[in-house]
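# Structural features, examined
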Amino acid sequence: MIAQHLPALQVVVPLLSAPLCLLLNRARVAWLLSTAASWVALVIAVLLLQQVLATGTLSYELGGWAAPWGIEYRLDPVNAFVLVIVAGIGSVVMPFAATSVVHEIAAEHRVLFYTTYLLCLAGLLGIAITGDAFNLFVFLEISSLSSYIMISLGRDRRALTASYQYLIMGTIGATFILIGVGLLYMMTGTLNMLDLAQRIPSVADTRTVRVALAFLTVGISIKLALFPLHLWLPNAYVYAPSVVTAFLAATATKVAVYMLLRFLFTVFGAELSFEAMVMHLVLLPLALLAVFSASVVAIYQDNLKRMLAYSSVAQIGYIILGISFASVTGVTAGILHLFNHALMKGALFLALGCVFYRLGSVQLRDIAGLGRRMPWTFAAIVIGGLSLIGVPLTVGFISKWYLVLAALEGGLWWVAVLVLLGSLLAVAYIWRVVEVAFFQPAPRNAPSQEAPLTLLLPTWALIGANVYFGINTELTVGVAHRAAEWLIGGGG
Amino acid sequence: MQWLGLYNYWIVIFLMMAGFYVVISRSNLVKKIVGLNLFQTSVFILYISMSKVQGGTAPILKEGFAVYSNPLPHVLILTAIVVGVATTALGLALVVRIKEAYGTVEEDEIHNKDESL
Amino acid sequence: MTPVTALWLTLALPLAGAALIVLLDRYPNPREAVSLVTAGLLFGLVVRLWFAARAGEWPALVLVETLPGLPLALAVEPLGLLFALVASFLWIVTSLYSIGYMRDNRERNQTRFYVCFAVALASTMGVALSANMFTLFVCYEVLTLSTYPLVAHSGTAEARRAGRLYLGLLIGTSIGLQLLAIVWTWMLAGTLDFRVGGVLAGVASPFLTGILLVLYIFGIGKAALMPLHRWLPAAMVAPVPVSALLHAVAVVKAGVFTVLKVLVYIFGLDLLGQIVSGNWLLYVAGASIIMASVIALRSDNLKRRLAYSTVSQLSYVIMAAAILAPLSVAGAALHIAAHAFGKITLFFAAGSIYIATHKTEVSQLDGIGRRMPWTMGAFAVGSLSMIGLPPAAGFVSKWYIVLGALQAGRPFAVAVIVLSTLLNAAYFLPIIYRAFFRAPNKPSHGKHGEAPLPIVAALTISASLTVLLFLFPGPALELAHQFAGANG
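Residues numbered from 1 in each chain as written. Chains lettered and ligands numbered in written order. Predicted model: local features only at pLDDT ≥ 70, side-chain atom pairs only at ≥ 80, totals over all residues. Heavy atoms only, no water.

### Considerations on the overall build of chain C
Summing up its helical and strand segments, chain C has 20 helices and two strands in all. With respect to the principal axes defined by its C-alpha atoms, chain C has extents near 70 × 55 × 45 Å. With 488 residues in all, chain C has 65% of them scored as buried. Of the contacts formed within chain C by residues at least 6 apart in sequence, a portion of 81% connects residues at least 24 apart. Of the accessible surface of chain C, which amounts to about 15700 Å², a share of 67% is contributed by carbon and sulfur atoms. For chain C, the centre of its 30 positive side-chain charges and the centre of its 16 negative side-chain charges are spaced 10 Å apart. (Helix = DSSP H or I, 4+ residues; strand = E, 2+ residues; numbered from the N terminus. Buried < 20%, exposed > 50% of the residue type's maximum accessible area, 1.4 Å probe, protein only. Contact = heavy atoms within 4.5 Å. Areas by Shrake-Rupley, 256 points an atom, 1.4 Å probe, with all protein chains shown as cover. Lys, Arg positive; Asp, Glu negative; His and termini not counted. Charge placed at Lys NZ, Arg CZ, Asp CG, Glu CD.)

What follows is the structure, encoded as structure tokens:
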């Protein structure tokens, strides 16, 4: 009975937990509730992924209204995988929050934080699971509005301006998406994505549809912080509380990438997106520019959070690069990196959360010599960093492997060279940290204690995942490959 | 004549560009929110006007009326309006907090205050 | 113990040792005992594999299938076995030496040092025993990363700069060029297994094969082929045992070993013989030999001179392989072993001099042989091996390389070897002459005798092995011939 309604529960559980948090109005209870809700969401997501892998697709009619009229929740290998990523990161981040939030968020705001977190989680899961274009917009706004609030909870007053900046950019992006959806509705008279996919080919040559594609792409690109629309991201990541940064960095941009995949491949179809509209000619250069410009900027940052934020922009470039090849291997690489990057950035931002907990700072000069004082935290940063670089035995390597392979298969050997050069830039910014932390003497007043276990365990859970999925890729590569075939094959 | 017949879209485009311009050019944070509102409103009009059918009435079944306007976009845009209100409220709330923290709502002054730290 | 068990234990044992060393952080004596015992056991395991191989058994196993069709897998083959034998044996000697050196110098962060050493050895075993290029690359990168903390060990500005250069060059070339070549090979051939006769024959155009050769050769920065040699002299700031590890036990050996593996098992000697562009390797390696020798001749700093001598000796191996004759390929394999024993002796001696007298320049060494007879005696043996004179191991390997060059009709290679032998003599013999036959320039400059016992023991062992390998080259030669002969 319940098994039938899993797709709805996926969104409903966190969505209903949110007001409950507010009603109970106790930070500790709210934490328990949001942790439980995240874990339940993860269990549901895993069950759904299993079902999807066994049967192909899963359709759920919300409220019993049949598909093109009612809202349909539709699961295929692509979004089932995204659900697992989002819920998984949420389940790891929440245990971390217990200690970190007490330290970083004012007492009167803590309940509010858990409430908005749950809303954000519900929104992100909703974006991934829904098969209705307008519903997607609504979920997008739920997640965005709650993430603006979460960012503004940072103690630094610059968190407010960062959040404001993000609100302006994000709203423009969301409105663009709304315009795109509206134009599509105008031409096809439907909002169901599957229906859209069937009807668009007959009107593909109209200017309206092409304008819709343009609006959607730009709108989503703002949300996923594709260069040069990434300007909101660094400040938002830097001034948000550590937990929020880790959660958003690992999920929000990933879900936006999913939206892009969904629209480019499923709704418009690869033929229209890449052959008629030559999206790859736009995405490929932008992706490479993102990789290089953001990596170079990252090298010169003294604030570690900002460094990782710019690195995120670069890594998103890799994801988009994979997608822009529009081949099975390329999209596999993109989806793989979507997952892998969530793991590494989640882990790294959590590790920085540990540093911030003890130090109250994430400036490069303040971490001198701490490698010995906080060995577990900094070991986590090193491993996460190696993963970011793409060293073998970490997930980063797997992504790079597929990216290079996809570029070579596409005959673009120079892109392959650039991808590898990009990793070398990552070596440069990661190694600055390693050198300072391990090979410089610690100042006298440096803290001599390791971060508490409640922070270390979640961090190391993600680090462990970084290594595990770097060695055993059966699950990740398998699912990503199926998802890519699904998308390229038109995803009937 | 065709150009004139599409006047509703011209209004949409005008409003959209005006709103966008305000968001970009004003440094007052409240005015930016106003611009953003304008920007969103233009999209509401886009939705509403596109569902209007020439000579159609409100979609209520009644003798003598065969042509109805499409109600769905109207419903959709109700949702979007709610979202817009929420965004505005949140934006203004942020501006209040910014005013408390910085004592100003001018972007350049805020920037200067952060730089001087 | 079955050979397969021994095979995976060669990887697991040093890692387990590393974990134990971490746990024993605060107890120096057990910690170093663990280091030594692990080294001993590891050598035992490799010897077990060797006996199995002599009985005709070449174990192989798949650890985990990382990517579809691309497993992390181990397999024993003659060249890898030879390398593993040399490396695991020298680890024992180096551990012995490190204990003396690190204690006497009161170095900091000793636990980190021993841990990284053990991990480096595990990855060296991985390189030596890998069954495909993918596994080899993985281990190659782990080796780079685990040796970085050793190079930057002291944490001084100079050490950090050296570390940066070390990492930048090695990671830069391996990710920027080698990985590209590997993925490309995978795409073309559909396999990265090491196969007799290569996997690239018939799947890549001659032009593309030439490009891949360039990518591989310059992607293997550890082989220190000029102009990618700069990290090696820079890394001289590290403690002496680290230099020994870099120059003799693991790092550069892993580099030339990888070059040999790639040339023989990925390209195949036949394929290389067919492409015209393959010839450049011979000339680049030859030029590298001569230039490095000239720089060594002009260096007064002893360790720097030894470093450039390494650059030149490594290029011997590459040039020997580039001759493409079975005899010279066997010589190349043998030279890996011969140079390892000889060079480690020289570094131990240099470290011993530094420990006892704190002298680093060649010009300060007048008359030192009388005070430190063991050290300088060993140094002399090592020098002979470098020059290629009997009774040292270097003679045997050079002999085979020259034979191969003559057989293949490569007068250029013969000329390079003759010239470099003269140059080698020119920069090693004066040191020995100074040490034994010149009077000390000041009557008494501090009282010093020999270095501490573990150090002297270590360098005596390695020097005697250099001689032993000359007297009884049979077993090593057998493996080298098996390696070359499979392709003959």
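### A few points about the interface of chain A and chain C
With 31 residues of chain A in contact, the opposing surface of chain C contributes 36 residues. Across the interface of chain A and chain C, roughly 2900 Å² is buried in total on both sides, 78% from carbon and sulfur atoms. Together, A:Trp401, A:Glu435 and A:Phe439 form the three largest contributors to the area buried by chain A at its contact with chain C, with a combined 26%. A salt bridge links A:Glu435 to C:Arg164, with the nearest nitrogen and oxygen atoms 2.7 Å apart. Counting the contacts that link chain A with chain C gives four residue pairs in polar contact (both at pLDDT 80 or more). When contributions to the side of chain A that touches chain C are tallied by element, the ones reaching two or more residues are α16 (375-389), α17 (395-409), α18 (413-439) and α19 (453-471) of chain A. With twelve residues, the top contributor of residues to the side of chain A that touches chain C is α18(A). (Buried area = accessible area lost by both parts, 1.4 Å probe. Salt bridge = Lys/Arg side-chain N within 4 Å of Asp/Glu carboxyl O. Polar contact = N/O pair within 3.5 Å; in protein donor to acceptor, adjacent residues only side chain to side chain.)

### Considerations on the arrangement of the chains
Among the two pairs of chains that make contact, the interface with the largest number of contacts is formed by chains A and B. A gap remains between chain B and chain C, which never touch, and the nearest two C-alpha atoms on either side lie 32 Å apart.

### Here's the deal with helix α7 (residues 206-219) of chain C
Residue and element names in this part refer to chain C. If you check α7, its first and last C-alpha atoms are 19 Å apart, about what 14 residues at 1.5 Å a residue would give, namely 20 Å. Every buried residue belonging to α7 is among Leu208, Thr209, Gly210, Leu212, Leu213, Leu215, Tyr216, Ile217, Phe218 and Gly219, and all of these are buried. Buried residues in α7 make contact with α5 (133-151), α6 (157-189), α10 (251-267), α11 (269-274) and α12 (279-298). (Expected span 1.5 Å × (residues − 1).)

### What about the pairing of strand β1 (residues 60-67) of chain C?
Residue and element names in this part refer to chain C. In this structure, β1 lies alongside strand β2 (residues 70-75), joined through six bridges in antiparallel fashion. Residue pairing for β2: valine 64 is matched across the bridge by leucine 72. Linking β1 to β2, which pair antiparallel, is a turn of two residues; within it glycine 69 sits at a positive phi near 80°. (Pairing = 2+ DSSP bridges.)

### Quick look at the packing of helix α8 (residues 207-224) of chain A against helix α10 (residues 242-267) of chain A
All names here are of chain A. Here α8 crosses α10 at 165°, and the two axes come no closer than 8 Å. Put simply, α8 runs roughly antiparallel to α10. Note on packing geometry: the crossing formed by α8 with α10 is left-handed. Judged by residue contacts, Leu213, Leu216, Thr217, Ile220, Lys223 and Leu224 of α8 engage Thr253, Ala256, Val257, Met259, Leu260, Phe263 and Leu264 from α10. Residues that form the contact of α8 with α10 fall into these classes: ten nonpolar, two polar and one charged. (Axes fitted to C-alpha atoms, helices over the stretch in contact; angles between N-to-C directions. Parallel < 35°, antiparallel > 145°, perpendicular 65-115°, else oblique. Left-handed = near helix turned anticlockwise from the far one by under 90°. Nonpolar A, V, L, I, M, F, W, Y, C, P; charged D, E, K, R; others polar.)

### A word on the packing of aromatic side chains
One pass over the structure, following the stated rule, counts 41 aromatic pairs over all chains. For the pair B:Phe20 and B:Phe39, a centre-to-centre distance of 5.6 Å together with 25° between the ring planes defines the contact as stacked. Here B:Phe20, found in helix α2 (residues 7-25), pairs with B:Phe39, found in helix α3 (residues 29-50); they are 19 residues apart in sequence, far enough to count as distant. Judged by relative accessible area, which is 27%, B:Phe20 ranks as partly exposed. Linked through ring pairs, A:Phe81, A:Phe339, A:Tyr468 and A:Phe469 together constitute an aromatic cluster. Directly above the aromatic system of C:Tyr140 lies the positively charged group of C:Lys222, at a separation of 3.4 Å from the ring centroid. Lying across the ring of C:Phe194, C:Lys261 places its NZ or CZ 4.5 Å from the centre. (Phe/Tyr/Trp six-rings, centres within 6.5 Å; stacked < 30°, edge-to-face > 60°. Lys NZ or Arg CZ within 6 Å of the ring centre and 35° of its normal.)

### Thoughts on the environment of A:Trp39
All names here are of chain A. Here tryptophan 39 lies in helix α2 (residues 27-55). When the C-alpha positions of tryptophan 39 and leucine 145 are compared, they lie 23 Å apart, and in sequence the two are 106 residues distant. Discounting chain neighbours no more than four positions away, the residues touching tryptophan 39 are Ser91 and Pro95. Within polar-contact distance, the side chain of tryptophan 39 engages the backbone oxygen of serine 91 at 3.0 Å.

### A word on the environment of C:Ala292
Residues and elements named next belong to chain C. Inspection of the secondary structure puts alanine 292 in helix α12. Residue classification places alanine 292 among the buried residues on the basis of a relative accessible area of 0%. Between the alpha carbons of alanine 292 and glutamine 313 there is a distance of 8.9 Å; along the sequence they are 21 residues apart.

### Points about the interface of chain A and chain B
With 28 residues of chain A at the interface, the matching set in chain B holds 36 residues. Between chain A and chain B, a total of about 2900 Å² is buried, with carbon and sulfur atoms accounting for 80% of that surface. Remark: the boundary between chain A and chain B carries one salt bridge. Residue B:Asp114 pairs with A:Arg157 through a salt bridge whose shortest N-O separation is 3.7 Å. Across the chain A-chain B interface, the total number found is four residue pairs in polar contact (both at pLDDT 80 or more). The set of elements that each furnish at least two residues to the side of chain A that touches chain B consists of α5 (133-152) and α6 (158-188) of chain A.

### A look at the side chain of C:Thr209
Residue and element names in this part refer to chain C. Its place among the elements puts threonine 209 in helix α7. Here the side chain of threonine 209 touches serine 205 through a polar contact of 2.7 Å, landing on its backbone oxygen. Among all residues touching threonine 209, those that are not within four sequence positions of it are Ala204, Phe267, Leu271 and Ile275.

### Some details on the confidence of the model for chain C
All names here are of chain C. Mean pLDDT for chain C: 85, with 97% of residues reaching 70 or above. No element of chain C has a lower mean pLDDT than helix α9 (residues 240-249), at 79, and none a higher one than α5, at 90. Across the interfaces of the predicted complex, the ipTM metric reaches 0.91, alongside a pTM of 0.90. (pLDDT = per-residue confidence, 0-100.)

### As for unusual backbone geometry
With an omega of 10°, the peptide bond running from C:Met226 to C:Pro227 counts as cis. Among the secondary structure elements, C:Pro227 is positioned in the loop between α7 and α8 (231-234). Notably, A:Ala225 is not glycine yet its phi reads approximately 60°, a positive angle. At A:Leu393, a residue that is not glycine, the phi angle is positive and equals roughly 75°. Taking relative accessible area as the criterion, A:Leu393 reaches 28% and is therefore assigned partly exposed.

### Focus: the environment of A:Ile151
Residues and elements named next belong to chain A. Along the chain, isoleucine 151 falls in helix α5. Accessibility expressed as a relative area gives 1% for isoleucine 151, which makes it buried. A C-alpha to C-alpha distance of 37 Å links isoleucine 151 and valine 417, two positions 266 residues apart in sequence. With residues up to four places along the chain from it excluded, the contact list for isoleucine 151 reads Ala159, Ser163, Tyr166, Ala236, Tyr239, Ala240, Pro241, Val244 and Leu248.

### With respect to the nonpolar core
By size, the foremost hydrophobic cluster in this structure holds 438 residues, and its most contacted members are A:Phe113, A:Phe247, A:Phe268, A:Ile367, A:Trp401, C:Leu90 and C:Phe267. Here this core takes 19 residues from α10(A), the largest share from any one element. (Core = buried A, V, L, I, M, F, W, Y, C linked by side-chain atoms within 4.5 Å.)

### Concerning the pattern of salt bridges
Applying the stated criterion to the full structure yields 14 salt bridges over all chains. Among the salt bridges present, the one from A:Glu72 reaches A:Arg74, with a minimum N-O distance of 3.1 Å. Residues joined in a network through salt bridges with shared partners are C:Asp366, C:Arg434 and C:Arg438.

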